[in-house]
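# Fold and contact review
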Amino acid sequence: MSDQWLQHVNVKFPAAGSIDLTEAIPVFHRWIQEQALPGLLIDVADYRHVPEGPGVVLVAHEAIYGLDQGGGWLGMLYNRRTQHDAEPEEAAAHAFRAALTACRKLEGEPEFSGSLNFDGSACEVVVNDRALAPNDPATRSRLLAVLGPLLDRLWGADSYNTMPVGEARDRLGITARCSDSHSVSSVLDRL
């Protein structure tokens, strides 16, 4: 297995509340104009018509941010697209930091004030590379070894549970849920 196996990681934090995804389109366009997130923000794509699909995405050179509806639930998804010059642990921390930063920023937008909050107590992590990270027990164990110290720092050791996502033919992934409630801001401050 390559040392770069965690380069293309997806992190998704669930959203609470019901929103019209149409409202995210002008917000994401404004973020492009302001270059409001790290990296080069390029475009907005609307996939609201796709059932349980990517929703509305903000395309950056390095990553894709999106109000994703995959798995039947709305959340902020960060999908790293380019090589990250970091060890797996730092690549994972970077993905969490980017996703949480986008969550906090979107919660603060006037269009979503009071109607959109993200849950900092749960997340889904998927490695977007089946060749380097097959969905098998050995690779899942390695993923948990990388994520464990990060989740311990975010939520506290022994305060969360992890579960595998999908079947062997799916991308490697886990869900993690903390027993305590956390805002995205409080979790981001621990990174």
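Residues numbered from 1 in each chain as written. Predicted model: local features only at pLDDT ≥ 70, side-chain atom pairs only at ≥ 80, totals over all residues. Heavy atoms only, no water.

### Re the overall build of the protein chain
- For the protein chain, the count of helices and strands is four helices and nine strands.
- The order of α-helices and β-strands along the protein chain, N terminus first, is β-α-β-β-β-β-α-β-β-α-β-β-α.
- Over its C-alpha atoms, taken along the principal directions, the protein chain stretches across nearly 45 × 35 × 30 Å.
- Of the accessible surface of the protein chain, which amounts to about 8800 Å², a share of 49% is contributed by carbon and sulfur atoms. (Helix = DSSP H or I, 4+ residues; strand = E, 2+ residues; numbered from the N terminus. Areas by Shrake-Rupley, 256 points an atom, 1.4 Å probe, with all protein chains shown as cover.)

### Describing the pattern of salt bridges
- Inspection of the entire model under this criterion finds nine salt bridges.
- Asp-68 serves as the salt-bridge partner of Lys-12, at 2.7 Å between the closest nitrogen and oxygen. Here Lys-12 is found in strand S1 (residues 9-16), whereas its partner Asp-68 is found in strand S4 (residues 63-68), with 56 residues between them in sequence.
- Lys-12 gets classed as buried once you look at its relative accessible area, which sits at 2%.
- What makes Asp-68 buried here is its relative accessible area of 11%. (Salt bridge = Lys/Arg side-chain N within 4 Å of Asp/Glu carboxyl O. Buried < 20%, exposed > 50% of the residue type's maximum accessible area, 1.4 Å probe, protein only.)

### Quick notes on the pairing of S4
- Extensive coverage of S4 is indicated by the burial of five of its six residues.
- Here S4 runs beside strand S5 (residues 75-80); their pairing, made up of six bridges, is antiparallel. Paired with Ala-63 across the two strands is Arg-80, which belongs to S5. (Pairing = 2+ DSSP bridges.)

### Details of the nonpolar core
- Ranked by size, the top nonpolar core spans 56 residues in total, and within it Phe-28, Tyr-65, Leu-67, Phe-96 and Leu-106 carry the most contacts.
- Take this core: its biggest share by element is 10 residues, from helix H2 (residues 88-107).
- Aside from chain neighbours lying at most four places away, what touches Leu-67 is Ile-19, Leu-21, Ala-24, Phe-28, Pro-54, Gly-55, Val-56, Leu-74, Gly-75, Met-76, Leu-106 and Phe-118. (Core = buried A, V, L, I, M, F, W, Y, C linked by side-chain atoms within 4.5 Å. Contact = heavy atoms within 4.5 Å.)

### Side note on unusual backbone geometry
- Phi is positive for Glu-52, close to 50 degrees, though the residue is something other than glycine.
- If you check the backbone angles, Asp-158 has positive phi at about 60 degrees while not being a glycine.
- By the secondary structure assignment, Asp-158 is in the loop between helix H3 (137-155) and strand S8 (160-164).

### Details of helix H1 (residues 24-34)
- If you check which residues of H1 are buried, you get Ala-24, Ile-25, Val-27, Phe-28, Trp-31 and Ile-32. Down the axis of H1, the buried set is contained in an arc of 165 degrees. They therefore lie on one face.
- In this fold, the buried residues of H1 make contact with strand S2 (41-47), strand S3 (55-60), S4, S5 and H2.
- Gln-35 sits one or two positions beyond H1 and adopts a positive phi of about 45 degrees. (Arc of directions from axis to C-beta.)

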